[in-house]
Amino acid sequence: MNDHSKPQPATARKSGPLSGKARLPGDKSISHRAFMFGGLASGVTRITGLLEGEDVLRTGEAMKAMGARIEHNGAEWVVQGTGNGCLLEPAQPLDFGNAGTGVRLTMGLVGPYDMKTRFIGDPSLSKRPMGRVLDPLREMGTQVLEAEPGDRLPITLRGPKHAAPVSYRVPMPSAQVKSAVLLAGLNTPGVTTVIEPVMTRDHTEKMLAGFGAALEVEIDAEGVRHIRIEGQGRLQGQVIAVPGDPSSAGFPLVAALIVPGSDITIENVLMNPTRTGLILTLQEMGADIELMNRRSAGGEDVADLRVRSSELKGVRVPPERAPSMIDEYPVLAVAACFAEGETLMEGLEELRVKESDRLSAVANGLKANGVDCTEGETTLSVHGAPEGKGLGGGTVETHLDHRIAMSFLILGLATEKPVTVDDRAMIATSFPEFMGLMADLGAEIE
Ligand code: S3P
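Residues numbered from 1 in each chain as written. Predicted model: local features only at pLDDT ≥ 70, side-chain atom pairs only at ≥ 80, totals over all residues. Heavy atoms only, no water.

### A closer look at the overall build of the chain
The number of helices and strands found in the chain is 12 helices and 24 strands. In terms of C-alpha radius of gyration, the chain reaches 21 Å, essentially the compact-globule figure of 22 Å for 446 residues. When its C-alpha atoms are laid out on the principal axes, the chain stretches across 65 × 50 × 45 Å. Taken over 446 residues, the chain has a buried fraction of 60%. (Helix = DSSP H or I, 4+ residues; strand = E, 2+ residues; numbered from the N terminus. Rg over C-alpha atoms; globule rule 2.2 N^0.38 Å. Buried < 20%, exposed > 50% of the residue type's maximum accessible area, 1.4 Å probe, protein only.)

### With respect to the sheet that holds strand 23 (residues 419-421)
The strand order across the open sheet formed by 4 strands is 22-23-1-24, and the pairing between neighbours is mixed. Of all the strands in the sheet, just strand 22 (395-396) and strand 24 (444-445) have a single pairing partner and so form its edges. With 2 bridges connecting them, strand 22 and strand 23 associate as parallel partners. Bridged to Val396 within strand 23 is Val421. (Pairing = 2+ DSSP bridges.)

### What to know about the environment of Gln176
When you line up the elements, Gln176 lands in helix 5 (residues 175-186). Between the C-alpha atoms of Gln176 and Gln283, which are 107 residues apart in sequence, the distance is 28 Å. Among residues more than four places away in sequence, those in contact with Gln176 are Gly100, Thr101, Arg104 and Leu105. (Contact = heavy atoms within 4.5 Å.)

### Things to note about the layout of surface pockets
In this structure, the largest pocket encloses a volume near 520 Å³. Mapped onto the lining of the largest pocket, the elements with two or more residues apiece are helix 1 (28-40), helix 3 (100-110) and helix 5. When residues in the lining of the largest pocket are grouped by element, the largest group, 4 residues, is from helix 1. Its residues placed into classes, the lining of the largest pocket shows 9 nonpolar, 9 polar and 16 charged. (1 Å grid on protein atoms, 1.4 Å probe; cavity = no way out; pocket = protein on both sides within 12 Å on 5 of 7 lines; lining within 4 Å. Points joined across faces, edges and corners; volume = space filled by probe spheres on them. Nonpolar A, V, L, I, M, F, W, Y, C, P; charged D, E, K, R; others polar.)

### With respect to the site of the ligand
Close to the ligand lie Ser29, Arg33, Thr101, Pro173, Ser174, Ala175, Gln176, Arg201, Ile326, Asp327 and Lys354. The contact in question runs from an oxygen atom of the ligand to an N or O atom on the backbone of Ala175, over 3.0 Å. Within the backbone of Gln176, an N or O atom sits 2.8 Å from an oxygen atom of the ligand. Burial of the ligand by the surrounding chains reaches 95%, relative to a free accessible area of 380 Å². Using a 2 Å cut-off from the grid points, one finds that the ligand occupies the largest pocket. Mapped by element, the contributors of at least two residues to the shell around the ligand are helix 1 and helix 5. Among the residues making up the shell around the ligand, the classes are represented as 3 nonpolar, 4 polar and 4 charged. (Near = heavy atom within 4 Å. Polar contact = N/O pair within 3.5 Å; in protein donor to acceptor, adjacent residues only side chain to side chain. Areas by Shrake-Rupley, 256 points an atom, 1.4 Å probe, with all protein chains shown as cover. Sits in = over half its atoms within 2 Å of the grid points.)

### A closer look at the environment of Ala336
Structurally, Ala336 is set in helix 9 (residues 329-336). Separated by 166 residues in the primary sequence, Ala336 and Val170 place their C-alpha atoms 32 Å from one another.

### Remarks on the side chain of Asp423
Structurally, the position occupied by Asp423 is in the loop between strand 23 and helix 12 (434-441). Arg424 provides the closest opposite charge to the buried, salt-bridge-free Asp423, at an N-O distance of 6.7 Å. From its side chain, Asp423 meets the backbone nitrogen of Ala425 in a polar contact 3.1 Å long. Ignoring anything within four residues of it in the chain, the contact list for Asp423 reads Pro7, Gln8, Pro9, Thr398 and Ala405. (Lys, Arg positive; Asp, Glu negative; His and termini not counted. Salt bridge = Lys/Arg side-chain N within 4 Å of Asp/Glu carboxyl O.)

### Some remarks on the packing of aromatic side chains
This model, assessed by the stated rule, comprises 5 aromatic pairs. With a centroid separation of 5.6 Å and an interplanar angle of 70°, the aromatic rings of Phe431 and Phe434 are classed as edge-to-face. Under the relative-accessibility criterion, Phe431 is labelled buried at 0%. An aromatic cluster is defined as three or more aromatic residues linked by ring pairs; in this entry it consists of Phe251, Phe431 and Phe434. (Phe/Tyr/Trp six-rings, centres within 6.5 Å; stacked < 30°, edge-to-face > 60°.)

Laid out in structure tokens, this is it:
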């Protein structure tokens, strides 16, 4: 893992046309789950295309600390699982670094185990609310032996002798909360039900079913999803090819749109409809994004994206679109800086509890670079300056947030003056290849 103690600034400058092909690292959500479910299943799971970012590697370490065997053989990761219900008590605290998905899903996984597990993380993760996962776990019988005020890390859990299945209505649109309850249900007798009024990314449901879990999804007359999982069944190791991460695709994609004369192709992008809100929004703004070579790989739709620089216009992004692009608002805000007129993004309350308070981090970074924007309680409005005239020249505080760092480096590729971010180190949590991949396309970042 990187030494994050000393900040490493980076600066992006106005660049010539971007061109070439970009192949993305694997999807972060699927990579975390591949290590977790592989580590839990009986037999061997073989994973290719895994995102080898710090967040995912921490999840791998946690599964190893609880008895899974994980080896890296060339391009392939080979996982020998413990068998469902057979995780071991970890001897040391599980350190999840910056990773919300890793820590929240693993809390769910171990929640019903009659063992003591301590969870720790970096200063960003230690500020994030964990009560959203602890609340349903408490209902299932998990004891929270230690937690900082507001249910924050470090947290120590001890599961009950016999966990109780629950029916839990997820109070906010969160795939992490949904997944934590389903994973707790895996080692709980009987049927655990998650009621999901607003659909979020469905990788947990799809992948658990692929590993052989007894899981069914029913959609009621109001469109609410009821996900039922029968606990204590057998999971069987799988072969997984992880598709490219659509959230990471957002960075070269927006870069090509805003740098005049660009024409790039981003290969092998996951097109699961719970993840494609950014592409839809950019297309509404007038972006030239061609979906090529659409195909199915490992149960998911994937495509190559040909992206050419485009004249964008401002749009209203409705709140109901937020779950399908929740991690993409920072980079959408960057695209909006170059659009004609106002882009209004609504329903952004969940952005306040990401790796940073992303709503204020984005607004402050934009303002530092001369962008006309307004931060509301749950909204962000950006007035564009086509061609980036007069923009740039500021330094952005990234608050240990990889997506803030990458988004603002993309901004600087098309603004009149350079844009500096105070620390690039966190980029390694989700997209270690970012600097090299952008440089290969012709981006000037140093
Ligand atoms: C994720 C869910 C989302 C997302 C995160 C990954 C997942 O978080 O922001 O990057 O893999 O389940 P929330 O569940 O907090 O919305």
